[in-house]
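# Overview (structure and organization)
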Amino acid sequence: MSKTLFEKIIAREIPATIFYEDEKVIAFKDVNPQAPTHVLIVPKKPVPRIAEAKPEDHDVLGHLLLKAAEVARQLGLNEKGYRLVINNGPDAGESVPHLHCHILGGRKMAWPPG
Ligand code: AMP
């Protein structure tokens, strides 16, 4: 099976500005930022989207969220806050079929989201 875009970033076949990496996840700058800070945190296992996550993905999903908070803290977003976003499917605007969590911060966010 061909690699997802994010697997190519993990394999260093596509360049990215990487902020964090361990054996389960990688966090890198979004190429089309929607906020002053916009980072994607991605499980190395290519789960296509959250709706297709399996019970055996429990640990990696927990790790993803804990590390998202750690990366946000390291990026200086803790004091003013930040938003974590997971887009699932076409209505949500998902464009890369490899599960990822957006970390958005550095500006005031609107609610409801667009
Ligand atoms: P989503 O629309 O939730 O699927 O998010 C996919 C995100 O991947 C978008 O915010 C894109 O800007 C981002 N993206 C696409 N290609 C790259 C890339 N080569 N490096 C970093 N981010 C990317």
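Check the entry above for the structure.
Scope of this entry: the structure provided in the associated data block. (Residues numbered from 1 in each chain as written. Predicted model: local features only at pLDDT ≥ 70, side-chain atom pairs only at ≥ 80, totals over all residues. Heavy atoms only, no water.)

To summarise the sheet geometry, strands pair through backbone hydrogen bonds and adopt either a parallel or an antiparallel arrangement. The 5 strands lie next to each other as β1-β2-β3-β5-β4, forming an open sheet whose pairing is antiparallel. Strands at the two margins of the open sheet, each flanked by one partner only, are β1 (18–21) and β4 (82–85). Neighbour to neighbour, the strand axes of the sheet diverge by 15° on average, direction disregarded. Relative to strand β5 (residues 101–105), β4 is paired through 4 bridges, and the arrangement is antiparallel. Bridge assignment links Y82 to a residue of β5, and that residue is G105. Sheet contacts for helix α2 (residues 58–74): β1, β2 (25–29), β3 (37–43), β4 and β5; angle to β3, the most-contacted strand, approximately 155°. (Pairing = 2+ DSSP bridges. Helix = DSSP H or I, 4+ residues; strand = E, 2+ residues; numbered from the N terminus. Axes fitted to C-alpha atoms, helices over the stretch in contact; angles between N-to-C directions. Contact = heavy atoms within 4.5 Å.)

Moving on: the pattern of salt bridges. Applying the stated rule across the entire model yields 7 salt bridges. Here K3 ties to E13 by a salt bridge, and the two come within 2.4 Å at their closest N and O atoms. Pair noted here: K3 is in the segment before α1 (5–10) and E13 is in the loop between α1 and β1, with a separation of 10 residues, a long-range link. Accessibility expressed as a relative area gives 38% for K3, which makes it partly exposed. The salt bridge involving K67 is made with E70; its shortest N-O contact spans 3.1 Å. (Salt bridge = Lys/Arg side-chain N within 4 Å of Asp/Glu carboxyl O. Buried < 20%, exposed > 50% of the residue type's maximum accessible area, 1.4 Å probe, protein only.)

Turning to its location among the elements, K67 is positioned in helix α2. In this structure the side chain of K67 is engaged in a polar contact, spanning 3.1 Å, whose partner is the side chain of E70. If sequence neighbours within four positions are ignored, K67 has contacts with Y20, D22, V25 and I41. (Polar contact = N/O pair within 3.5 Å; in protein donor to acceptor, adjacent residues only side chain to side chain.)

What follows concerns the pairing of β5. Across the 5 residues that make up β5, a large majority, 5, are buried. Burial along β5 is two-sided: the face carrying C101, I103 and G105 and the face carrying H102 and L104 are both buried. Two elements, β3 and β5, share 5 bridges in a ladder whose sense is antiparallel. Note on β5: the bridge partner recorded for V39 is I103.

In the vicinity of the ligand lie 16 residues, with D30, N87, S95, H100 and H102 positioned nearest. Between S95 and the ligand, the recorded distance is 2.6 Å, taken from a backbone N or O atom to an oxygen atom. For the ligand, the protein covers 83% of the area, taking 500 Å² as the surface of the free molecule. Mapped onto the shell around the ligand, the elements with two or more residues apiece are α1 and β2. Here the residues of the shell around the ligand are counted per class, giving 7 nonpolar, 6 polar and 3 charged. (Near = heavy atom within 4 Å. Areas by Shrake-Rupley, 256 points an atom, 1.4 Å probe, with all protein chains shown as cover. Nonpolar A, V, L, I, M, F, W, Y, C, P; charged D, E, K, R; others polar.)

Coordinates in, geometry out; function isn't part of it.
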